[in-house]
Amino acid sequence: MSLQHSSGITRAVGRAAVVVVAAVLMSSCSSDDPAQAKERQRDYCTKLGTWQDTAHATTTGEPDADAGDGQSVQSPEFDNTELAGHAVIDASKRLDRASLEHGGADIVDDTVNAVGGDIGAEGRAVSYCDSSGFETLVGSAG
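Cut-offs used in this document
Residues numbered from 1 in each chain as written. Predicted model: local features only at pLDDT ≥ 70, side-chain atom pairs only at ≥ 80, totals over all residues. Heavy atoms only, no water. Phe/Tyr/Trp six-rings, centres within 6.5 Å; stacked < 30°, edge-to-face > 60°. Helix = DSSP H or I, 4+ residues; strand = E, 2+ residues; numbered from the N terminus. Buried < 20%, exposed > 50% of the residue type's maximum accessible area, 1.4 Å probe, protein only. Salt bridge = Lys/Arg side-chain N within 4 Å of Asp/Glu carboxyl O. Axes fitted to C-alpha atoms, helices over the stretch in contact; angles between N-to-C directions. Parallel < 35°, antiparallel > 145°, perpendicular 65-115°, else oblique. Left-handed = near helix turned anticlockwise from the far one by under 90°. Contact = heavy atoms within 4.5 Å. Nonpolar A, V, L, I, M, F, W, Y, C, P; charged D, E, K, R; others polar.

Trainee: Tell me about the packing of aromatic side chains, and please be specific about residues and values.
Mentor: For the coordinates displayed, the defined rule picks out one aromatic pair. Plain terms: the ring middles of Tyr-44 and Tyr-128 are 5.8 Å apart, the flat faces sit at 85° to each other, and that makes the pair edge-to-face. Of the two residues, Tyr-44 sits in helix H2 (residues 34-60) while Tyr-128 sits in helix H5 (residues 119-132), which places them 84 residues apart along the sequence. This pair shows no difference in class: Tyr-44 is buried, exactly as Tyr-128 is.

Trainee: Hey, could you go over unusual backbone geometry for me, with residue numbers and the actual values?
Mentor: Its identity is not glycine, yet Ser-99 carries a phi of approximately 55°, on the positive side. Structurally, Ser-99 is set in the loop between helix H3 (76-97) and helix H4 (107-115).

Trainee: So what's going on with the pattern of salt bridges? Which residues, and what values?
Mentor: A complete count under the given rule lists four salt bridges for this structure. A salt bridge links Glu-39 to Arg-42, with the nearest nitrogen and oxygen atoms 2.4 Å apart. Taken as a pair, Glu-39 and Arg-42 lie in helix H2 at a separation of three residues, close to a single helical turn. Note on Glu-39: relative accessible area 40%, which makes it partly exposed. Where Arg-94 meets Asp-43, a salt bridge forms, and the shortest distance between an N and an O atom there is 3.1 Å. Of this pair, Arg-94 sits in helix H3 while Asp-43 sits in helix H2; the two residues are 51 residues apart in sequence, bridging distant segments of the chain. Each of Asp-43, Lys-47 and Arg-94 takes part in salt bridges that share partners, so that together they form one network.

Trainee: Hey, could you go over the packing of H4 against H5 for me, with residue numbers and the actual values?
Mentor: Two numbers describe how H4 lies on H5: the axes approach to 7 Å, and their chain directions differ by 130°. Between H4 and H5, the angle is such that the two are oblique. Remark: the crossing between H4 and H5 carries left-handed chirality. Contact residues: H4 offers Ile-107, Asp-110, Asn-113 and Ala-114, while H5 offers Ala-121, Glu-122, Arg-124 and Tyr-128. Residue classes in the contact of H4 with H5 are distributed as four nonpolar, one polar and three charged.

In structure tokens:
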């Protein structure tokens, strides 16, 4: 009888643990925390500004020289721009998961398109930062 009672307690404790873990996970993903929401927006806008700085520096710089064997050399600025592009896209995905978009805009699509060279999408991403209060972290689009 005590073995049967013991397994029932074990199942009840196991179920309670699952409920607690689920509750903790759900509460940590909530965008109800205004401070956390602002931090995600600031992070996105900081990374967008960094990407803009590296992308615009790369496009206004001198073209890369050939390696001598007919293959072009990628500059360190290109690598930095690519890394900054990945970082801002990842930050946009965090905003999307937290439902922190404004006005029905798709921040992930706009960010991906901006990194791909779409000036209109870059303008929408910059506008997002402006409306979030982080206009000083980004440059104008164009």
